[in-house]
Amino acid sequence: MDLFPYLKSLVDMDKCAVVICSLEHEIIYMNPAAARRYANRGGKELLGKSLLECHNADSCEKIHKVIQWFQMSTEHNIMYTYRNEQENKDVYMVALREEKGNLIGYYEKHEYRNVETGQLYKGVEEVSAYE
């Protein structure tokens, strides 16, 4: 079974920004939420560019250190990297590994800590479009 369409849909439907990078820091994928979030920096035009160009020197150094940590062990797979109080969110770097456990890339994941404002499920007949 080809899982790709399912996995892509899983990431595409996420309300939080997800930016996937190669080990060379090339932005290889942005979900729609990330394209909207980074629209002022080019949105989807960032595909193929270096993530490092979007960060200051201190952040670039931290990114390199996290990649080194990911490479130290297959057990090293997620690092909490930043707290943004203004947006009430946490940001993580997550290792991407192939089936044998080799590191093939990473992604940046934003997790907002706001209380959900969408309509609570009450039954199919009562639910209009979820937004």
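Description of the structure in this document. (Residues numbered from 1 in each chain as written. Predicted model: local features only at pLDDT ≥ 70, side-chain atom pairs only at ≥ 80, totals over all residues. Heavy atoms only, no water.)

### Details of helix α3 (residues 57–72)
Link 1 in the chain: When the terminal C-alpha atoms of α3 are compared, their 23 Å separation across 16 residues agrees well with the 22 Å that a helix rising 1.5 Å per residue should span.
Link 2 in the chain: Of the positions making up α3, those classed as buried are C60, I63, V66, I67 and F70. Buried residues in α3, looked at end-on, bunch into an arc of 120°, giving them a common side. Those residues of α3 that are exposed and angled more than 90 degrees off the buried face are A57, Q68 and M72. (Helix = DSSP H or I, 4+ residues; strand = E, 2+ residues; numbered from the N terminus. Expected span 1.5 Å × (residues − 1). Buried < 20%, exposed > 50% of the residue type's maximum accessible area, 1.4 Å probe, protein only. Arc of directions from axis to C-beta.)

### Regarding the state of the cysteines
Link 1 in the chain: A full pass over the atoms with the stated rule returns 0 disulfides.
Link 2 in the chain: Cysteine C21 is unpaired, with the sulfur of C54 as its nearest cysteine sulfur at 8.5 Å.
Link 3 in the chain: The structure places no disulfide on C60, whose sulfur is separated from the nearest cysteine sulfur, that of C54, by 9.0 Å.
Link 4 in the chain: On the accessibility criterion, C60 (13% relative accessible area) is buried. (Disulfide = S-S within 2.5 Å.)

### Here's the deal with the pattern of salt bridges
Link 1 in the chain: Applying the stated criterion across every chain yields a total of 11 salt bridges.
Link 2 in the chain: Salt-bridge contacts for D12 lead to K8; the nearest nitrogen and oxygen are separated by 2.6 Å. Highlighted residues: D12 and K8, both in helix α1 (residues 4–12), separated by 4 residues, approximately one helical turn.
Link 3 in the chain: For R37, the salt bridge goes to E87, with nearest N and O atoms at 3.0 Å. Separated by 50 residues along the polypeptide, R37 in helix α2 (residues 32–37) and E87 in the loop between β3 (78–84) and β4 (89–97) bring together distant segments of the chain.
Link 4 in the chain: Taking relative accessible area as the criterion, E87 reaches 27% and is therefore assigned partly exposed.
Link 5 in the chain: Each of R83, E85, D90 and R113 takes part in one network of salt bridges that share partners. (Salt bridge = Lys/Arg side-chain N within 4 Å of Asp/Glu carboxyl O.)

### Side note on the packing of aromatic side chains
Each aromatic ring pair is summarised here by two numbers: the centre-to-centre distance and the angle between the ring planes.
Link 1 in the chain: Evaluated as defined, the whole model comprises 2 aromatic pairs.
Link 2 in the chain: Judged by centre distance (5.8 Å) and plane angle (45°), the ring pair of W69 and F70 falls under tilted.
Link 3 in the chain: Using a relative accessible area of 0% as the deciding quantity, one classes F70 as buried.
Link 4 in the chain: Ring geometry for Y80 against Y92: centres 5.4 Å apart, planes inclined by 45°, an arrangement best described as tilted. In this pair, Y80 sits in strand β3 while Y92 sits in strand β4, placing the two residues 12 residues apart along the sequence.
Link 5 in the chain: The cationic tip of K44 hangs over the ring face of Y29; the distance from NZ or CZ to the ring centre is 5.2 Å. (Phe/Tyr/Trp six-rings, centres within 6.5 Å; stacked < 30°, edge-to-face > 60°. Lys NZ or Arg CZ within 6 Å of the ring centre and 35° of its normal.)

### Examining the pairing of strand β5 (residues 103–112)
Link 1 in the chain: Sheet analysis places strand β1 (residues 18–22) next to β5, joined by 5 bridges and oriented antiparallel. Of the residues in β5, the one forming a bridge with V18 is K109.
Link 2 in the chain: Where β4 and β5 come together, 9 bridges link them in antiparallel fashion. Bridge assignment links V94 to a residue of β5, and that residue is Y107.
Link 3 in the chain: As consecutive antiparallel partners, β4 and β5 are separated by 5 residues, and within that stretch G101 has a phi angle of approximately 95°, a positive value. (Pairing = 2+ DSSP bridges.)

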